[in-house]
Amino acid sequence: MKILLFGVTRDITGKAELELPPDKAKSLGKVEDLKEFLVGEYPELKKLSSMAIAVNNKYASGDTGIGQEDEIALIPPVSGG
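Fair warning: this is a prediction, and the values are worked out from it, not measured in the lab.

Engineer: Honestly, the nonpolar core in this entry has me stumped. Any pointers?
Structural biologist: Soluble globular proteins tend to pack their nonpolar side chains together in the buried interior. Core analysis: the biggest nonpolar cluster contains 21 residues, and M1, I3, L34, L38, I66 and I72 have the highest contact counts within it. Mapped onto this core, the elements with two or more residues apiece are β1 (2–5), α3 (31–41), β3 (52–55) and β5 (71–75). Not counting chain neighbours up to four residues away, the residues in contact with L38 comprise I3, L18, L45 and L74.

Structure below.
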């Protein structure tokens, strides 16, 4: 499973991309499972006011299923004006 990181999520992890091994990806059946795993690995992510997750270029809810072939993107809060 490939996870792309943008903005502050990239800063927190120190990486532009994460690759989860197949055995770990299999254990994460839904977006909410992935979020819990990532916060466990990178506790600073919990401090974000919001963080959207996209699965295969579409915004996903917590109960969206994910598989090891999916491309995931962590989209941090954005501001502008």
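Engineer: How should I be thinking about the environment of I12 in this particular structure?
Structural biologist: Locating I12 in the fold gives a position in helix α1 (residues 7–13). Accessibility expressed as a relative area gives 24% for I12, which makes it partly exposed. Remark: the alpha-carbon pair of I12 and P77, spanning 65 residues in sequence, is separated by 13 Å. Apart from residues lying up to four places away in sequence, I12 is in contact with Y42, E44, L45 and L48.

Engineer: How should I be thinking about the pairing of β3 in this particular structure?
Structural biologist: The two faces of a sheet get side chains in turn, since along a regular strand they alternate between them. Across 4 bridges, the pairing between β3 and β5 is antiparallel. Within β5, the position partnered with A54 by the bridge is A73. As paired elements, β3 and strand β4 (residues 58–60) share 3 bridges and run antiparallel to each other. Along β4, the bridge assignment pairs A54 with Y59. Between the end of β3 and the start of β4, which pair antiparallel, lie 2 residues, with N56 showing a positive phi angle near 50°.

Engineer: Whenever I open this one, the environment of G67 confuses me. Can you help?
Structural biologist: Of note, G67 is situated in the loop between β4 and β5. Separated by 63 residues in sequence, G67 and L4 place their C-alpha atoms 15 Å apart.

Engineer: Please explain the pattern of salt bridges as it appears in this structure.
Structural biologist: Side chains that differ in charge, positive against negative, can pair when their charged atoms come close. This model, assessed by the stated rule, comprises 1 salt bridge. One salt bridge in this structure joins E44 and K47, with 3.2 Å as the shortest N-O distance. E44 sits in the partly exposed class, given a relative accessible area of 43%.

Rules of the game
Here, residues in each chain are numbered from 1, in the same order as that chain's written sequence. Residues qualify for local features only when their pLDDT is at least 70, as the model is predicted, and side-chain atom pairs are given and counted only at 80 or more; totals for whole chains, interfaces and linings, by contrast, use all residues. Remark: hydrogens and water are excluded; side-chain values derive from all non-hydrogen atoms of the structure. Note on terminology: a nonpolar core comprises buried Ala, Val, Leu, Ile, Met, Phe, Trp, Tyr and Cys residues joined through side-chain atoms within 4.5 Å. Here's how the labels work: a residue is buried when its accessible area is under 20% of the maximum for its type, exposed when over 50%, partly exposed in between, all with a 1.4 Å probe on protein chains only. Secondary structure elements follow DSSP: runs of H or I of four or more residues count as helices, runs of E of two or more count as strands, with numbering from the N terminus. Residue contacts are counted whenever heavy atoms from the two residues lie within 4.5 Å of one another. Here the rule is simple: two strands pair whenever DSSP picks up at least two bridges between them. Whenever a carboxyl oxygen of Asp or Glu lies within 4 Å of a side-chain nitrogen of Lys or Arg, that contact is scored as a salt bridge.

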